[in-house]
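Listed here are the chains, written in short residue letters.
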Amino acid sequence: DLSTHGTEALSLYFRGISPSFAQSPDGEILMNGIGPDIWDVSDAFRFAYKTLNGNGSIVARVNSLYQSNTWAKAGVMIRQSTAVSAVHAMVVKTSLDGNCARYQWRPTAAAVSSSADAGSVGMTATFPYWVKVERIGSSFTGYISPDGTTWTQLGTAQTITMTAPVLIGLAVTSHMAVELRNFTFDSIATTCDVKGDWTVADIGVEKGVN
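Residues numbered from 1 in each chain as written. Predicted model: local features only at pLDDT ≥ 70, side-chain atom pairs only at ≥ 80, totals over all residues. Heavy atoms only, no water.

(A) Region of interest: the side chain of Asn63. Topologically, Asn63 is positioned in strand 5 (residues 45–65). Only 3.0 Å separates the side chain of Asn63 from the side chain of Arg61, close enough to count as a polar contact. Once residues within four sequence positions are removed from consideration, Asn63 is found in contact with Glu28, Phe127, Pro128, Thr184, Phe185 and Asp186. (Helix = DSSP H or I, 4+ residues; strand = E, 2+ residues; numbered from the N terminus. Polar contact = N/O pair within 3.5 Å; in protein donor to acceptor, adjacent residues only side chain to side chain. Contact = heavy atoms within 4.5 Å.)

(B) Focus on the packing of aromatic side chains. Scanning the model with the defined rule gives 4 aromatic pairs in all. A ring pair is formed by Tyr103 and Trp105, whose centres lie 4.9 Å apart and whose planes are at 40 degrees; its orientation type is tilted. With relative accessibility at 9%, the residue Trp105 sits in the buried group. Each member of the aromatic cluster is reached from another via a ring pair, and the members are Phe45, Phe47 and Tyr49. Seen from the ring of Trp198, Lys50 lies directly overhead, with NZ or CZ sitting 4.7 Å from the centre. Above the plane of the ring of Phe127 lies Lys93, whose end atom (NZ or CZ) is 4.1 Å from the centre. (Phe/Tyr/Trp six-rings, centres within 6.5 Å; stacked < 30°, edge-to-face > 60°. Buried < 20%, exposed > 50% of the residue type's maximum accessible area, 1.4 Å probe, protein only. Lys NZ or Arg CZ within 6 Å of the ring centre and 35° of its normal.)

(C) Fine view of the pairing of strand 10 (residues 129–136). Here strand 10 lies mainly inside the structure; 6 of its 8 residues are buried. As paired elements, strand 5 and strand 10 share 7 bridges and run antiparallel to each other. Each bridged residue has a counterpart across the sheet, and for Ala60 the counterpart in strand 10 is Val131. In this structure, strand 10 lies alongside strand 11 (residues 139–145), joined through 7 bridges in antiparallel fashion. Counted as the bridge partner of Glu134 is Thr141 from strand 11. Where strand 10 hands over to strand 11, the hairpin turn is made up of 2 residues, of which Gly137 adopts a positive phi near 65 degrees. (Pairing = 2+ DSSP bridges.)

Listed below in structure tokens is the structure:
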């Protein structure tokens, strides 16, 4: 009898490895990620993507990020390809110690990454938080928002040449080469000519890591 001695609630806890990608009926997406980083001249991360032709954008709310490292990252990305050194632009949520949120880009293939952090515009991005990256021609711009309505631009628009079609989706990395960590998203929305079902790619990490 669970009501004995005044018991009013029962909590259950589960342990195990979450799926690499799972979408619930209400649109929430759970991803796990492994890999040293999305940075410098070569990336190692998990990417769930669709294809985009021409202009477009992607928005998502990052609900949680299991902090294995200060610079674990979860956010939205537009990328030329799944090559480890491909050009891209992305906006990611990080921990408070990792400057909260970051707009990051690689302007040419195999070039060193550049970034602009939330701290540069005086913002502290706590969870949950919205992130957005937008493409207009060869111009890419990153934004963050506490409510999905009022947006603040990070850094300046960057000129990055990409040929159609490009990849658009969700990117996660634990920032630890051997540690698998969980991330959750919802309120995911895209604009313009985005097509296809979600495809999940392990970029720069061992294929098939759960």
